[in-house]
Each structure stands twice: as C-alpha cells, then as structure tokens.
Amino acid sequence: MLRSRIAGIGMYVPEHVVTNNDLLKYMDTSDEWIQERTGIKERRYAHRTDETTTTMGVEAAKIAIERAGTTANEIDFIVFATLSPDYYFPGCGVLLQRAMQMKEIGALDVRNQCSGFLYALSVADQFIKTGMYKNILVVGAEKHSFGLDLTTRSRNISVIFGDGAGAVVLQPTEDDNCGILSTHLHSDGESAEILAMFNPGTHANHWGEKNYADFDDAEIAHMFISQKMIDNEQLFPFMDGPAVFKKAIVKFPEVINEALNKNGYKTSDIKLLIPHQANLRIAQFVQQKLKLSDDQVYNNIQHYGNTTAASVPIALCEAWEKGKINNGDLVCLAAFGSGFTWASALLKW
Ligand code: COA
C-alpha cells in the first residue's frame, strides 16, 4: 500500500531571543508567573521588517527540501499552515512558491491555528496516497510578535506566543515499516470565540448590537477596519485561558488514543509523542494521564513559546536533530487549538 513518509524536515527560528524579563518593558508580569503557569522561559521574535511568516517558512523549507534529497523545482504541491499570514490575502503558499521560484504548482493555505500543521499534513498525506503528487512541501509558520497586544491588558495571551517555522517534505513509500499510518482531525465550533482574533473580519460585531440598516454611510464606508476598532483596541487576539486549558486536557489524550487504537498500538509503544507546544502544564498533564515517561514526550516550549502552526514541526525537527527519533520508531504528533480544532498523526519514522 502506498503511504507518505517524511523524507526531509527543517526548522527556522529568528535570532532575536526575548526572555520573560524582556517583556517587563511592555507589561506588568514576571518571569516567575510565566514559568510557573506556562513553562516558558523565552521565545523568539522575528525581525520587524526583514522577516515575515513566509520568509521564515522559506528558510525551514530549504532545509527540509535539501534533507529530502530533492530540489524546489521538484516540489509538486505546497500546503502552508498559518494564522499570521503576510497578507490578509493571498496566502503564504503562493508567496513561498514565488520566493523559492518553484514551478506553477498548486499552493494551499490552511487556517486551523494550532492544529494547522496536522491538518496540512493530513491533506498532503491524502494527495500522496492517491498518487496525485510525489513531493509535497508542508509548512507551518507564524509571526505572532507583530500582532500581539504587548500591554498588561493582554498579558495572559501575549506572553505565550513566539515566532518560527517548520517544514517537511512528504514523499510516497511502499515500505510497511515507515510512513504516516493515520491522521485524525476534529473540530467543535461551539467554542470558536474562546480563542480568537475577531478583527478584521466580516462579522461587524464591533459595532455592538446594531442592525446593518442602522449604520450610517460613514460607518459603512469603513466596516472592515474602523476608527472605532482602533480606538477600542479591538484588533488583537483574545483568549479565555482557563476554558482553553480545560478543553485541551480532555481532547489531547482522546485524539492520541484514537490514533493508537486505529493502528492497534498502546501508549507504551510510542517512542516519542510530540504534543503541540501550547503550555508545558498541558503537555505534562497529558503525559501523566497517558502514563508516558519523560523520555516519551518532547517539549521545547521553554525556549520558543507557543508558535502555533509551527510548533509541531519545530519540535519534531529538533527531536530528530537530537537523535531522539530513529528509523522505525513510532511517533505520535498531536495538537489542539483555536476553533476549537484538534488532531493527531501516528507515523513510523
Ligand atoms: N503575568 C502576570 N499575571 C498574569 C499574567 C501575566 N502574564 N496573565 C494573567 N495574569 C493574572 C491575571 O490577571 C489574574 O489576576 P487576578 O487573579 O488578580 O485577576 C491571574 O493571573 C490569573 O489569571 P488566569 O487567566 O485565571 O490565569 P491562569 O491560571 O488560567 O493562567 C494561562 C493563564 C493563559 C497561562 C492558562 O489559562 C493557560 O495556559 N491556558 C491555556 C492557554 C493555551 O494553551 N493557549 C494556547 C492554546 S493553543
């Protein structure tokens, strides 16, 4: 049976390290609070003008492509996951295609936030399994630093996020002892507003409870980004942290078990679990619940914060570079985030 395998993996994080103490410049917080609640010691922030989500994605992609033993010219499809695109539209996939001077191949952007990379991987997996494509580049990249409210008002959310990118190249294999065994995708839109960035958007709720007929012409002329939105500082992400935490600790174990059950494995068979790096406390809770040893779980949120769609490929790449994953190892990737969406992938390296 045709499967897809990760033939090459790469990551890129900006040089600029921002410690918890560095954040004191902008907000009332403390290193102790951040470490205790999230496990984060530092994160990276992209260069304000020279680095974008796409340029970071390109850097990660170059490494993944080289490690896959192929070239940008051979890539026949791009799936790019991000919630912080360079432009509202078009997506980052086409910008990467242009930057890497690839052929006129398909480029798809995925908007599933923290689960984005796993959704992207799953989409790419289907195209490989059907034989449609032979070299798919899957990228997860984020430039959060540009869009965060770094004042005390949003400190519960802003201290968590960091910038970076990860990428893999998927290729087909007929080897039974390697490749993606299954992927599992879920969503629950009931909680969409618990972790969200509402503006700019087409919902128009920033006007309060008014009906469209009640808007005057001046308001209608600037519905998408209004002066009121700017004045009321409504252009930043919102998170109900405790609600996210509660949901995540249920859905993470559920979707990991779903992947194991589907393939007839037990938690003890996992060589390495790469959970989305949302919060170290969530990862530790999941580890405890599944009775996994420290060696079976890889975390690096301490150094990069939560990089959303980039977190799983960055952690996977780093774990592989450190020699924690070898051929034939059972690896589980799992993520949870805004939407809510959650997902897992089980693979033999
Ligand atoms: N520094 C200092 N104090 C902070 C702070 C910060 N960065 N952020 C919040 N606080 C304060 C709050 O103002 C509040 O103070 P109060 O009790 O005087 O009102 C107190 O800490 C507790 O706030 P709360 O939001 O209830 O904190 P918490 O214990 O739930 O921790 C999170 C906040 C965000 C760390 C936690 O809810 C969390 O990790 N949730 C999951 C988030 C996540 O994983 N998101 C990504 C999903 S992909």
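Residues numbered from 1 in each chain as written. Predicted model: local features only at pLDDT ≥ 70, side-chain atom pairs only at ≥ 80, totals over all residues. Heavy atoms only, no water.

Broken down by element type, the protein chain carries 11 helices and 13 strands. The C-alpha radius of gyration computed for the protein chain amounts to 20 Å, which stays within 12% of the reference 20 Å derived for 349 residues, consistent with globular compactness. The C-alpha extent of the protein chain, read off along each of the three principal axes, is 65 × 45 × 40 Å. The burial tally for the protein chain puts 55% of its 349 residues in the buried class. Within the protein chain, residue pairs in contact and separated by at least 24 positions form 78% of the contacts whose partners lie at least 6 positions apart. As displayed, the protein chain offers around 15700 Å² of accessible surface, 50% of which is attributable to carbon and sulfur atoms. If the 32 positive side-chain charges of the protein chain are averaged to one point and the 42 negative ones to another, these points end up 6 Å apart. (Helix = DSSP H or I, 4+ residues; strand = E, 2+ residues; numbered from the N terminus. Rg over C-alpha atoms; globule rule 2.2 N^0.38 Å. Buried < 20%, exposed > 50% of the residue type's maximum accessible area, 1.4 Å probe, protein only. Contact = heavy atoms within 4.5 Å. Areas by Shrake-Rupley, 256 points an atom, 1.4 Å probe, with all protein chains shown as cover. Lys, Arg positive; Asp, Glu negative; His and termini not counted. Charge placed at Lys NZ, Arg CZ, Asp CG, Glu CD.)

Below, the discussion takes up the site of the ligand. Not every one of the 22 residues close to the ligand is listed here, only the nearest: Thr-29, Arg-37, Cys-114, Gly-241 and Asn-279. Interatomic distance of 2.4 Å between a side-chain N/O atom of Asn-279 and an oxygen atom of the ligand. When isolated, the ligand has an accessible area of 950 Å², and the protein chains bury 71% of it. Only α1 (31-38), α5 (155-158), α8 (241-263) and β12 (330-337) provide two or more residues apiece to the shell around the ligand. In terms of residue count, the dominant contributor to the shell around the ligand is α8 (four residues). Looking at side-chain class alone, the shell around the ligand contains 12 nonpolar, eight polar and two charged residues. (Near = heavy atom within 4 Å. Polar contact = N/O pair within 3.5 Å; in protein donor to acceptor, adjacent residues only side chain to side chain. Nonpolar A, V, L, I, M, F, W, Y, C, P; charged D, E, K, R; others polar.)

With that settled, consider the sheet that holds strand β6 (residues 136-142). The strand order β1-β7-β6-β4-β5 describes an open sheet built from five strands, whose pairing is mixed. Of all strands in the sheet, those with a lone pairing partner are β1 (3-12) and β5 (106-110), marking the two edges. With direction set aside, neighbouring strand axes in the sheet form an average angle of 20°. Note that β1 and strand β7 (residues 164-173) share nine bridges and pair antiparallel. Residue pairing in the sheet places Ile-9 in a bridge with Val-168 of β7. Each of β1, β4 (77-81), β6 and β7 touches helix α2 (residues 53-67); the most contacted strand, β1, lies at about 125° to it. Sitting on the sheet, helix α4 (residues 116-129) is in contact with β1, β4, β5, β6 and β7, with an inclination near 175° to β6. (Pairing = 2+ DSSP bridges. Axes fitted to C-alpha atoms, helices over the stretch in contact; angles between N-to-C directions.)

When we look at a pair of aromatic rings, we describe it by the centre distance and by the angle of the planes. The full count for this structure, using the stated rule, is eight aromatic pairs. Centroid distance Phe-77 to Phe-127: 4.9 Å. Interplanar angle 65°. Geometry classified as edge-to-face. With Phe-77 in strand β4 and Phe-127 in helix α4, this residue pair connects regions lying 50 residues apart in the sequence. Here the basic side chain of Lys-143 rests over the ring of Phe-146, its NZ or CZ set 4.4 Å away from the ring centre. (Phe/Tyr/Trp six-rings, centres within 6.5 Å; stacked < 30°, edge-to-face > 60°. Lys NZ or Arg CZ within 6 Å of the ring centre and 35° of its normal.)

We now examine helix α9 (residues 280-289). Listing the buried residues of α9 in full gives Leu-280, Ile-282, Ala-283, Val-286 and Gln-287. The buried residues of α9 occupy an angular sector of 160° when the element is viewed end-on, so they sit on one face. Away from its buried face, by an angle of more than 90 degrees, α9 presents the exposed residues Gln-288 and Lys-289. For α9, the secondary structure elements touched by its buried residues are α1, α8, β11 (272-275) and α10 (301-304). The opening residue of α9 is Asn-279, an N-cap whose side-chain oxygen sits 2.7 Å from the backbone nitrogen of Arg-281. Positioned one or two residues after α9, Lys-291 has a phi angle of 55°, which is positive. (Arc of directions from axis to C-beta.)

This part covers the environment of Ser-293. Considering the arrangement of structural elements, one finds Ser-293 in the loop between α9 and α10. Sequence-wise, Ser-293 and Leu-280 are 13 residues apart; in three dimensions their C-alpha atoms are separated by 15 Å.

Another aspect to go through is the side chain of Thr-308. By the secondary structure assignment, Thr-308 is in the loop between α10 and α11 (311-321). Given the relative accessible area of 1%, Thr-308 is considered buried. Side-chain polar atoms of Thr-308 contact the side chain of His-144, separated by 2.5 Å.

Here we come to the environment of Lys-266. Within the fold, Lys-266 resides in the loop between α8 and β11. In this structure, the C-alpha to C-alpha distance between Lys-266 and Leu-290, residues 24 residues apart in sequence, is 9.8 Å.

Bringing the state of the cysteines into the picture now. What the rule picks out here adds up to zero disulfides. Left without a disulfide partner, Cys-332 is nearest to the cysteine sulfur of Cys-114, which lies 17 Å away. A relative accessible area of 0% means that Cys-332 is categorised as buried. (Disulfide = S-S within 2.5 Å.)

Turning our attention to the pairing of β12. Buried residues dominate β12, accounting for eight of its eight residues. Of the two faces of β12, the one carrying Leu-330, Cys-332, Ala-334 and Phe-336 and the one carrying Val-331, Leu-333, Ala-335 and Gly-337 are both buried. Here β11 runs beside β12; their pairing, made up of four bridges, is parallel. Paired with Leu-272 across the two strands is Val-331, which belongs to β12. Where β12 folds back on strand β13 (residues 341-348), the antiparallel hairpin that results is connected by three residues, among which Gly-339 adopts a positive phi of roughly 145°.

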